[in-house]
Each structure stands twice: as C-alpha cells, then as structure tokens.
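Reading the structure
Residues per chain, in single letters:
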Amino acid sequence: MKIHKQMNNLEIAELLHDVAAAYKIKNEAKNRFRIIAYERAGDAVEHLSSEAKDLWDESEGELEKVAGIGESIATHLSEIFKTGKSKHFESIFKDINPAVFEFLKVPGIGPKNAYKLSEAFKIKSSKNAINKLQKLAKKGKIRNLEHFGEDSEKSILQSIKEFKNKSDVRMLLSRAEVIASEIILWLKENKFVKNADVLGSLRRKASTVGDIDIAVATNEPEEVLNHFTKYPNKSRILEKGPHTASIIIPGNIQVDLMVQEPESYGSLLQHFTGSKHHNIALREIALKKGLSLSEYGIKKNKKLVKTPTEEKFYKFLGMKYIPPELREDMGEIEAARQNKLPRLVELKDVKADLQIHSNFDIETSHDVGDNSMEEIIKKANELNYEYLAFTEHNPSQKGHNGKQIISILKRKKDKIDQLNTDMKSNKHNGVKKVFNSLEIDILPNGDLPISDDALGYLDFALVSIHSSFRLSKQRMTDRVLKALNHKTVKIFAHPTGRKLNEREGVELNWPKIFEFCLKNNKLIEINAEPSRLDLPDFLVKEAIDRGLKLTLGTDAHNVEGMNNMRYGVSVARRGWAKKGDIVNTRSLFEFEKLLNK
DNA sequence: GCCGTTTTCGGCCCGACTGTTTTCAGTCG
C-alpha cells in the first residue's frame, strides 16, 4: 500500500484494513477492539458518498464527523493529505513485509497465515509475491509448514487460481436476478423446500451484486443442502455444513445457501439480507435492551424467541418493518423506531415511461430503436401506462443544416400528432397521450446541437452527456447548467453518464445542480437501464432530501427494454423515494400541469 | 480506536465452516 497525498476512498479503505491486519499479526490482546475500530473506519470510508479528501479540503473537522472515524484516525488521515506520509502507520507496518498485504488479497488467506507464509519462505517484496507463493504451493512446499497441511495447500492453490481469473467486475443486478431465479427453480424441485428467497445485496436491489445468497425454509436441512450441491450447472462445491453450503458456478460466481426451520425463517432472512452495517447497528440497539440477535432469532434472558417472519423480528425490537432496499444504515433504523419510514414508490405506481427510443427515422448519429411507435404504444398498454415520451436521439449535426433538422422534427411532430388523434378515437386504449420529446446531447461547451427554433417543435426535451466525460468538476457543472437553461429542456437524463463496470460517472457539483433544478422546475432522471441505474441511489436520496422531483425512464431501444422499469423503481426506493417524488406516477393531467409550470 | 436517550469510562455483533489438532485458530460474511 503506497501512502500518498491524493489517496481516494478505496485506497484509504485498503490502508485502514491493512492497519487492522497489521494489528492482528502483532497479536496483542489489548488491540482487539482497536482492530475492530480500524476495520469499521475502513468500511466507513469505503461507503462514503463523497471523497474523504474532498471533505478534508472543505474543512479539517469534517473527517471526524464521519461515523467510525474519531480523533485519532482523522489526525492520521489529515497528516497524509497534508504531507503524503503517516509516521504512525509507517511504524505499524515497519516489521511486516509488504508481501503480506499482497497475500491478503487472496480469499482464504488472512493476516496470520499471510504473515506465516511470508516469513517462512522469506517472500518480502509485494512484487510477484502471489506468483512466488503459487509456485511453492505447486511444488508441495506449503504442506510441510507447521499448522498447514495438504488440504490447506490445495485450497491456497485453488484460491490463487481463482483470484487470478477473477476480474473486479460485479454482476449487474439484472444478471444476478436471472441466475438466482434459475437456482431457486432448481431448489423448489425438492419437496422439502417450503420457501426460497434471495438474500444479501440482491435482495436489497443494489446496482451490482457480488455473491448470490439464497435462503430456504425447511425441516429437512440435510436433504435440501444435498439437493443444492447437486445443482447441475455447478463447477464445484466450495463448502458444505449442516446449515449452509456454497457452490461455484461458471463465471466464478459463488452461490451460498442458508437453511433454517420455518419457525426461524424470519430471522434467517433478516440476518443474511444485511447490510452488514444495518445488522451491526441493529444488534447494538438490541444489546442495550438486553437482547441478542442472530440468524436463529432473538435471545432474551438466554431464551430464544423464534421469528417466522421479518415483520415479527422487527416488531419484537420495537420498530416497523424496514424494506430491504433501505437497510444500509442510512437512518432507516431511527426512522423505523419513530414510525417515520417513507412509504416507498412501487412499480404499480408508475404511469409512464419517459425515455423510449423508437425506430422513427430521425437521422441521428446515435443508436436507433428497433420497434415502431405503434409497437411501443401497444407494449405501453400492456404495462398499464397512461402516457409516454418518445425520446429519440437528436438528428446528427454532421450532414444536416438547421433547416434540415427542423424539417426532420416537423415530420416527427406530424407523426406524433397523428398518433394522438388516433388514440382519442380508441377508447379502449390505456395510453391516452404520447409526448413528442428528444434526448439531446450536451456538447462539451454546454451548447445543444439543435436550435431553439427546432426545440419549439417538442413538448419537452431531455438532455444528457454522451461525450467528453472527463472535464473538471467546475467545467462539467457549467456545461450541464448551460444546457438545462433552455425553456423546453425539462429533464437531465442519466445524469452521471456512468456505465457500470465500464466507466465512472462524470464529476459534477451536485448541490449546485440540484439547487438549479429546484429553482427552475427541472427534473432529474433515474435511468432504469440495468447497466446505468443513473442517478445512483445515494444521489437520489440527496436530491429528494432537497425536495427535487425525479422521473423514471427505461431508455428502452426495443419493447423488451421497457420491462426494465422495475430496476429504476429499485433505485428510487433505495434513495427513499415516495410515490410523490417521482413525477411519472402522476396522472396525465397532473403531469401536463407540471410541464407547463 | 470509537462512542454515548443507562456511560467521558468501560463497553464494543454473532455465528458458520475448514483444517489442523485433539480443543481451537483462522477466515469469512
């Protein structure tokens, strides 16, 4: 771990975890809770919604305000941001080879074993450390060490192999859902399976998912675990005990199964849905009430109270049921105790899709949709929508002059006017109106590629960034504000421009953007496309806290894509959005009123 | 090392599985 002035949150988190590991290696009893403190501080930094360095730049005291960071760690981080060094951390790392922290990256190798391996084989430098270890394992050298054996050597070898194959990418939520539902189907073929549900970040609907965790309620755990480990599409069994089993499936994806009797199923669901931080906070509260929580239930006076449902579990703790999407230790526990949890928006509340690309020939330079406007309206009817917006990309600037662009937009307006006329005569249609919109590029200088005259043909427009993603925060913010400042422009679509596992979002001064939107009646999109999910959940929460209104759009380029709305709803829910915070839950009448504001 | 609606001192979440030893340490979530 290289300590330097511009460390980002991930690097700082790794540093703090390394400090915790170093204290573990030193093996002094007095460090027990210091280790926990460093691990919690590391987690806290990792999950921070803004860079720790930015907080520190703002004011030195900001760091200490972060829960989990106290006076001591704040001082050390401050020293790092100031000088690029930390005397204290350097002295902690002094007697430990850098290779140790390299070994730690291999799952299954913890601090103690990493240290033993580094010392035993005199592997000091982090460079090539894992390769050297792999060679020694292959030669059968590890099994001869004290406290190691043939099996642990094999498992180290396997872990290194998988570590090297593993990319850093986490599965998209949509992919994880498909995989999990196939496994749940397999589980339900076993007659002893009474219930099966997903757990973990998948159940909390995080935008990306690491492992897939599944819960089963049964009175025959052994039968169910045996059935699970016979899953036809598995690569190998990772572990198997009386309560849990883990398998690896192709793509190096780990699937864990947790099994519990039906009477305790609620506590099992609660425990493994997490998040870790939600559960820790919950257990600390329970402890103060003389209760102890686990996946088996709630222990009171050494007696176990079993909870078949999560509702009962939370009720026993004196709080309302907390929807999984909120369980991130972001204030939901306090809200649940005071009966102040928001009533979250649901998929059935959505009355429109506000970003759809049809195959209407608009002569754009970007990707065109696959389906006709008529096919899209038919699909929207199936989804019980009341209205929708056609938001093809703007006509390409290259090869079109202003006049030609206007003529294209006029042609599109005529088409949409005709569709709306036709719909009026068809009383059976759920969709009452389609809006003439456009997704317009924000050029690097904040200009739009079409004139204000051309904008006049639209009911409203979306703007979004499709190029020059790496401008400074200041320039990017100015760029966006300039684009939003047109009267017809109503929605800032996929605002960060991020593509999960592909590229980071742009840097924007969010408070400034949010304030502008609030003041000028601009809306911010939650893009439901599974690889975008943009605005991200934590920014949704910030926007809503400021009173901003948001839209949901699938960005669908074909009718199947319109089914992705539920992922957008998940993001909204993770951001604490109520029905009233999302404008396309409103009736057509109310939506039009809002447009004309 | 952090933290406070029982505390500025004295607590700190809870349990599973594996492998190496024979009662437990290490690792993980």
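Position numbers for residues count from 1 along each chain, tracking the sequence in the order it is written. Chains and ligands are labelled by the order in which they are written, letters from A for the one and numbers from 1 for the other. It should be noted that, the model being predicted, local features are given only for residues of pLDDT at least 70 and side-chain atom pairs only at 80 or more, the latter also being counted only at that level, while totals for whole chains, interfaces and linings use all residues. Values shown for side chains rest on all heavy atoms present in the structure; no hydrogens or waters enter the calculation.

1. Digging into the packing of aromatic side chains
Each aromatic pair joins two rings of Phe, Tyr and Trp (for Trp, the six-membered one) with centres within 6.5 Å, and gets the label stacked for planes under 30 degrees apart, edge-to-face for over 60, and tilted for any other angle. Scanning the entire structure with this criterion turns up 13 aromatic pairs. Between Tyr 387 and Phe 591, the aromatic rings sit 4.9 Å apart at their centres with planes inclined by 25°, giving stacked as the arrangement. Remark: Phe 591 occurs in helix H25 (residues 588–595) and Tyr 387 occurs in strand S12 (residues 387–390); sequence separation between them is 204 residues. The classification of residues rests on relative accessible area computed with a 1.4 Å probe and restricted to protein chains. Under 20% of the type maximum is buried, over 50% is exposed, and intermediate values are partly exposed. A residue is classified by how much of its surface remains accessible, and Tyr 387, at 0% relative accessible area, is buried. On the basis of an interplanar angle of 75° and a centroid distance of 5.3 Å, the ring pair of Phe 435 and Phe 591 is categorised as edge-to-face. With a gap of 156 residues between them, Phe 435 in strand S13 (residues 433–436) and Phe 591 in helix H25 connect regions that are remote in the sequence. Under the scheme used here, helices are H or I runs from DSSP no shorter than 4 residues and strands are E runs no shorter than 2 residues, and both carry numbers assigned from the N terminus.

2. Comments concerning the protein's contact with DNA strand B
Taken together, the neighbourhood of DNA strand B is formed by 43 residues, with Gly 70, Gly 108, Gly 149, Arg 283 and Tyr 296 sitting nearest. What qualifies as a polar contact is a pair of N or O atoms within 3.5 Å, subject to a donor-acceptor requirement within protein and to the restriction that residues adjacent in sequence count only when both atoms come from side chains. The backbone of Gly 70 places a nitrogen or oxygen atom 2.5 Å from a phosphate oxygen of DNA strand B. Residue Lys 112 places a side-chain N or O atom 3.0 Å away from a phosphate oxygen belonging to DNA strand B. Put simply, the parts of the chain that give the surface near DNA strand B at least two residues each are helix H2 (32–46), helix H5 (71–83), helix H8 (111–120), helix H10 (150–165), strand S5 (236–240), helix H15 (276–288) and strand S8 (291–294). Of the residues forming the surface near DNA strand B, the biggest block, 5 residues, is contributed by H2. Each residue gets one label: Ala, Val, Leu, Ile, Met, Phe, Trp, Tyr, Cys and Pro are nonpolar, Asp, Glu, Lys and Arg are charged, and the others, such as Gly, are polar. Counted by class, the surface near DNA strand B contains 15 nonpolar, 15 polar and 13 charged residues. Only a single heavy atom is needed: when it lies within 4 Å of a molecule or strand, its residue is near that molecule or strand.

3. Some points on a negative patch on the surface
Here, patches come from residues exposed beyond 30% relative accessible area and free of salt bridges, joined within 9 Å for like charges and within 5 Å for nonpolar side chains (Val, Leu, Ile, Met, Phe, Trp, Tyr). All accessibility values rest on the Shrake-Rupley procedure with a 1.4 Å probe; residue burial counts only the protein chains present in the view. Between Lys or Arg on one side and Asp or Glu on the other, a salt bridge is scored when a side-chain nitrogen of the former is within 4 Å of a carboxyl oxygen of the latter. Only four residue types enter the charge count, namely Lys and Arg as positive and Asp and Glu as negative; His and the chain termini do not. By convention, the charge on Lys lies at NZ, on Arg at CZ, on Asp at CG and on Glu at CD. A surface patch of like charges, here negative, comprises Glu 51, Asp 54, Glu 58 and Glu 507. The class for Glu 507 is partly exposed, based on a relative accessible area of 46%.

4. Overview of the domain arrangement of chain A
Where each domain begins and ends is defined by an automated method or by a domain database. If you check the domain split of chain A, you get domain 1 (9–165), domain 2 (171–260), domain 3 (264–337) and domain 4 (347–595). Computed over C-alpha atoms, the centres of domain 2 and domain 3 are 22 Å apart. Contacts are residue-level and defined by heavy atoms, with any inter-residue pair within 4.5 Å sufficient. Between domain 2 and domain 3, the residue contacts involve 15 residues of the former and 16 residues of the latter. When domain 2 packs against domain 3, the two sides together hide about 1300 Å² of surface, and 60% of this comes from carbon and sulfur. Ranking the residues of domain 2 by area buried against domain 3 places Arg 203, Arg 204 and Gln 260 at the top, with a combined share of 56%. Between domain 2 and domain 3 we count 2 salt bridges in total. In this structure, the salt-bridge partner of Glu 328 is Arg 204, at a minimum N-O distance of 2.8 Å. Linking domain 2 with domain 3 are 9 residue pairs in polar contact (both at pLDDT 80 or more). Of all the secondary-structure elements, those providing two or more residues to the side of domain 2 that touches domain 3 are strand S2 (195–198), helix H12 (200–203), strand S4 (212–217) and strand S7 (253–260). When two components associate, each loses some accessible surface as probed by a 1.4 Å sphere; the sum of these losses over both components is called the buried area.

5. Here we look at the pattern of salt bridges
Counting across every chain of the model gives 38 salt bridges. The partner of Glu 284 in a salt bridge is Arg 40, and the shortest N-O contact between them spans 3.1 Å. Of this pair, Glu 284 sits in helix H15 while Arg 40 sits in helix H2, and the two are 244 residues apart along the sequence. Judged by its relative accessible area of 36%, Glu 284 is partly exposed. Ionic pairing is found between Glu 310 and Arg 203, a salt bridge with its closest N-O pair at 2.7 Å. With Glu 310 in helix H16 (residues 310–316) and Arg 203 in helix H12, the pair connects residues that are 107 residues apart, well separated along the chain. In this pair, the class of Glu 310 matches that of Arg 203, namely buried. Salt bridges sharing common partners tie together Arg 204, Glu 328, Asp 537 and Arg 574.

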